[in-house]
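# Observations on chain architecture
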Amino acid sequence: MDQKTVLITGCSSGIGMALAVRIAKDEKKRFKVYATMRNPNKSEKLAEAAGRTLGRTLEIKQLDVCDEKSIKACVDSIPNRRIDVLISNAGMGLIGPIECQSLEEMKAVMDTNFFGLVRLLKGILPDMKRRKRGHIVVISSVMGIQGILFNDIYAASKFAVEGFCESLAVQALRFNLNLTLIEPGPVITEFERKVYEEGLKTDLSAADKETANMFTNVYLKNYNQIFQSLGQTPEDIAKHTHKIITTNKPPFRHQTNNLYTPMTTLKYADPNGDLPIDTFYKMVFEHDKIFNASLNFIKMLRWGSRKSFNLGKPQQ
Ligand SMILES: NC(=O)C1=CN([C@@H]2O[C@H](COP(=O)(O)OP(=O)(O)OC[C@H]3O[C@@H](n4cnc5c(N)ncnc54)[C@H](OP(=O)(O)O)[C@@H]3O)[C@@H](O)[C@H]2O)C=CC1
Ligand SMILES: CC1=C(/C=C/C(C)=C/C=C/C(C)=C/C=O)C(C)(C)CCC1
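Residues numbered from 1 in each chain as written. Chains lettered and ligands numbered in written order. Predicted model: local features only at pLDDT ≥ 70, side-chain atom pairs only at ≥ 80, totals over all residues. Heavy atoms only, no water.

As annotated in an unreviewed UniProt entry, the protein chain carries the name Retinol dehydrogenase 8 and is attributed to Acipenser oxyrinchus oxyrinchus. Entered under Sequence similarities (unreviewed entry) in the UniProt record, the comment concerning the protein chain runs "Belongs to the short-chain dehydrogenases/reductases (SDR) family." (UniProt positions renumbered as here; feature names shortened; annotations may be inferred.)

Here's what the structure looks like:
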């Protein structure tokens, strides 16, 4: 049987690693996975998780999405440069008041999350177009649809990704290519830990008192609880994505977390755009108790659905 080749970026941890393992372990062995990472010295965990698939349906390669030469070298090393499914996953977060962030930090986020995808497609799209065959899957975020307090730059990078893909989707259709944006809500990975630790270390001296207080005592204070209540596992995202790449007619957008969809739906419910903003404002500033009560309610819902899917008790 003709195996499809899958190239995934950012496989040293989190969603990328879970994706690589899940797809390489496809029960029908339909895929050959090129699991890439910018620093191959970090490949030990992936190699361990890959188990017997390593060297069979999974191969580890170097690829830095911020370096065009590294993309070219990686693609050239693949037989006939044939990539049937490209999963653009590499990314980074950034939280905090913009007054306290340097332009360099902001540019690094745009360079990885947005231009990283652009560089990949410049290297891979021409071959896909020529073959008139391929599926481009982009790990975006619910923040590609809706901004969240203190995620200004990160949300901007994911909005850029979404605008870019929406524009490209029509052209892709003409070449028989599929394009899918995967939009997870919070996922418990290194991303969450790194972003939180950097957030704690932020020098807030450039911000006014109210902003600094909002970041520390509203955002950071509730951060872990939000991730614990709403957070999915990287394996959950891998399961959704595996389904998307094995379906006949993949959708353009796919949200992975149905506990989060009520929030994103507000965006489409009001053309003026005030509804989601007012709702977030009330959640954060006016209904402290309701906010906590709704989080507890979500926890209960989650526990119920986990029981029915037999996923065990969520972490506390
Ligand atoms: N966690 C979450 O809550 C959510 C995450 N996402 C998105 O999911 C994707 C994966 O994030 P997640 O697994 O959570 O986070 P992780 O931090 O666990 O993984 C990010 C991966 O991206 C890699 N990476 C960063 N910069 C580059 C680069 N220049 N070239 C190649 N690889 C790079 C990292 O490599 P290294 O180890 O070398 O740093 C790492 O392998 C991101 O696009 C993120 O925006 C979307 C929604 C929610
Ligand atoms: C912590 C926190 C909030 C929500 C944070 C969320 C939902 C973060 C999601 C992160 C994601 C999805 C990252 C990756 O793409 C609210 C509700 C604004 C209230 C104030 C505290």
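Still more ground to cover, so stick around.
Here we take up the overall build of the protein chain. Each helix and strand counted, the protein chain has 12 helices and seven strands in total. A globule of 316 residues ought to have a C-alpha radius of gyration of about 20 Å, and the protein chain, at 20 Å, matches this closely. Each principal axis of the C-alpha atoms in the protein chain carries an extent, and together these give about 60 × 45 × 40 Å. Within the protein chain, the fraction of its 316 residues that count as buried is 47%. (Helix = DSSP H or I, 4+ residues; strand = E, 2+ residues; numbered from the N terminus. Rg over C-alpha atoms; globule rule 2.2 N^0.38 Å. Buried < 20%, exposed > 50% of the residue type's maximum accessible area, 1.4 Å probe, protein only.)

Quick look at the state of the cysteines now. Scanning all chains against the criterion turns up zero disulfides. With no disulfide of its own, Cys 66 has Cys 74 as its nearest cysteine by sulfur position, at a separation of 15 Å. Among the cysteines around Cys 165, which has no disulfide bond, Cys 66 carries the closest sulfur, lying 17 Å off. A residue is classified by how much of its surface remains accessible, and Cys 165, at 0% relative accessible area, is buried. (Disulfide = S-S within 2.5 Å.)

This paragraph deals with the UniProt feature "active site" (unreviewed entry) in the protein chain. The positions UniProt marks with the feature "active site" (unreviewed entry) are Tyr 154. In this structure, Tyr 154 sits in helix α6 (residues 152–174).

The next subject is the nonpolar core. By size, the foremost hydrophobic cluster in this structure holds 29 residues, and its most contacted members are Leu 7, Ile 83, Leu 86 and Ile 136. Secondary-structure elements contributing two or more residues to this core are α3 (68–76), α5 (115–131), β5 (135–139), α6 and β6 (178–183). Formed by 28 residues, the second largest nonpolar core is a distinct cluster that contains Ala 18, Ala 24, Ala 50 and Ile 87. (Core = buried A, V, L, I, M, F, W, Y, C linked by side-chain atoms within 4.5 Å.)

The topology assignment puts Arg 119 in helix α5. A polar contact is formed between the side chain of Arg 119 and the backbone oxygen of Val 65, at a distance of 2.8 Å. In this structure the side chain of Arg 119 is engaged in a polar contact, spanning 2.5 Å, whose partner is the side chain of Asp 111. Apart from residues lying up to four places away in sequence, Arg 119 is in contact with Val 65, Cys 66, Asp 67, Glu 68, Ile 71 and Asp 111. (Polar contact = N/O pair within 3.5 Å; in protein donor to acceptor, adjacent residues only side chain to side chain. Contact = heavy atoms within 4.5 Å.)

Time to look at the site of ligand 2. Contacts to ligand 2 come from 19 residues, most closely from Ser 141, Met 143, Ile 148, Tyr 154 and Gly 185. A distance of 2.7 Å separates an oxygen atom of ligand 2 from a polar atom in the side chain of Ser 141. Calculation on ligand 2 without its partners gives an accessible area of 540 Å², and the protein chains cover 96% of this total. Residue assignment for the shell around ligand 2 shows that the elements contributing at least two residues are α8 (209–230) and α11 (274–286). Considering every element that reaches the shell around ligand 2, the biggest residue donor is α8, with six residues. The residue makeup of the shell around ligand 2, split by class, is 16 nonpolar, three polar and no charged. (Near = heavy atom within 4 Å. Areas by Shrake-Rupley, 256 points an atom, 1.4 Å probe, with all protein chains shown as cover. Nonpolar A, V, L, I, M, F, W, Y, C, P; charged D, E, K, R; others polar.)

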